[in-house]
Amino acid sequence: QLQLVESGGGLVQPGGSLRLSCAASGFSLDYYAIGWFRQAPGKEREGVSCISRSRGSPDYEDSVKGRFTISRDSAKNMVYLQLNSLKPEDSAVYYCAAGRVVGLCVLSPVAYDNWGQGTQVTVSS
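For clarity, every value in this text was computed on a predicted model and none was experimentally measured.

1. Details of the layout of surface pockets
In this approach the atoms are scanned with a rolling probe the size of a water molecule, which exposes any empty space left behind. Approximately 160 Å³ is the volume found for the largest pocket. Partitioned by chemical class, the residues of the lining of the largest pocket number two nonpolar, two polar and five charged.

Below, the structure written as C-alpha cells:
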C-alpha cells in the first residue's frame, strides 16, 4: 500500500558525488520522519542520516557528517541524500525508510515501518 522507491545509485570514483532520491507513493512524507540507512556485505544495517517531521531537522552519523546532506521536497513528495567526497567505505546498498517518529528523528532501523528496496552505491577507482 505504502511504497518507497530509491534511485540515483551507481559507480563513482573516490572523491566523487551522487544524489540519491527517495520517492513516496500512497502517503505524504510530510508526516513522517525519513531515514537513510546503508548495508555493506557482511555488515549490519546502519543509520546514515534522518530528517524529522518538525521543520526538517536533520541528523547524521558521525562518519558522514560534513559530506552528506539530507533534504525534503514536499511538493514532489521526495527526500534526497546528497553524497559528496565519497570514500570506498561508503560503498553499500542504501535504503530510505519512513516512520511516525515524534520529535527528533533517530538513526535506528527499528523506528521505521516502511522501507524501499535499496539502491547500490559503489565507490572504487
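Right, picking up where we left off after that structure.
2. Some remarks on the packing of aromatic side chains
Under the definition given, this model contains three aromatic pairs. Consider the rings of phenylalanine 27 and tyrosine 32, whose centres lie 4.9 Å apart with planes at 70 degrees: the pair is edge-to-face. A relative accessible area of 8% places tyrosine 32 in the buried class. Summarising the aromatic geometry, the rings of phenylalanine 37 and tyrosine 112 are spaced 5.2 Å apart at their centres and angled 70 degrees between planes, so their arrangement reads as edge-to-face. Highlighted residues: phenylalanine 37 in strand E4 (residues 33–39) and tyrosine 112 in the loop between strand E9 (92–99) and strand E10 (114–115), separated in sequence by 75 residues.

3. Description of the environment of leucine 104
Tracing the backbone shows leucine 104 in the loop between E9 and E10. Sequence-wise, leucine 104 and isoleucine 34 are 70 residues apart; in three dimensions their C-alpha atoms are separated by 11 Å.

4. Some words on the sheet that holds strand E8 (residues 78–83)
Spatially, four strands are ordered E1-E3-E8-E7 in an open sheet, and the strand pairing comes out antiparallel. The open sheet terminates on both sides in strands that have one partner only, identified here as strand E1 (3–7) and strand E7 (68–73). Each adjacent strand pair in this sheet contributes to an overall mean axis angle of 15 degrees, direction not counted. Here six bridges tie E7 to E8, and the two strands are oriented antiparallel to one another. The residue of E8 that forms the bridge with isoleucine 70 is leucine 81.

5. As for the nonpolar core
Counting 28 residues, the largest nonpolar core has Leu4, Trp36, Phe68, Leu81, Leu83 and Tyr94 as its most contacted members. Of all the elements in the fold, those that place two or more residues in this core are strand E3 (18–25), E4, strand E5 (46–51), E7, E8, E9 and strand E11 (119–123). If we skip the residues at most four places from it in the chain, leucine 4 touches Cys22, Ala23, Ala24, Phe27, Leu29, Cys96, Ala97, Ala98, Asn114, Trp115, Gly116 and Gln117. Membership of the second largest hydrophobic core comes to seven residues, among which are Ala33, Phe37, Ala97 and Cys105.

6. Some details on the side chain of asparagine 77
Relative to the helices and strands, asparagine 77 resides in the loop between E7 and E8. By relative accessible area, asparagine 77 is classed as buried at 17%. One polar contact links the side chain of asparagine 77 to the main-chain carbonyl oxygen of alanine 24, over a distance of 3.2 Å. Separated by 2.9 Å, the side chain of asparagine 77 and the backbone oxygen of phenylalanine 27 make a polar contact. Every residue in contact with asparagine 77, bar those within four places of it in the chain, is listed here: Cys22, Ala23, Ala24, Phe27, Ser28 and Leu29.

Cut-offs and rules
- Residues numbered from 1 in each chain as written.
- Predicted model: local features only at pLDDT ≥ 70, side-chain atom pairs only at ≥ 80, totals over all residues.
- Heavy atoms only, no water.
- 1 Å grid on protein atoms, 1.4 Å probe; cavity = no way out; pocket = protein on both sides within 12 Å on 5 of 7 lines; lining within 4 Å.
- Points joined across faces, edges and corners; volume = space filled by probe spheres on them.
- Nonpolar A, V, L, I, M, F, W, Y, C, P; charged D, E, K, R; others polar.
- Phe/Tyr/Trp six-rings, centres within 6.5 Å; stacked < 30°, edge-to-face > 60°.
- Buried < 20%, exposed > 50% of the residue type's maximum accessible area, 1.4 Å probe, protein only.
- Helix = DSSP H or I, 4+ residues; strand = E, 2+ residues; numbered from the N terminus.
- Pairing = 2+ DSSP bridges.
- Axes fitted to C-alpha atoms, helices over the stretch in contact; angles between N-to-C directions.
- Core = buried A, V, L, I, M, F, W, Y, C linked by side-chain atoms within 4.5 Å.
- Contact = heavy atoms within 4.5 Å.
- Polar contact = N/O pair within 3.5 Å; in protein donor to acceptor, adjacent residues only side chain to side chain.

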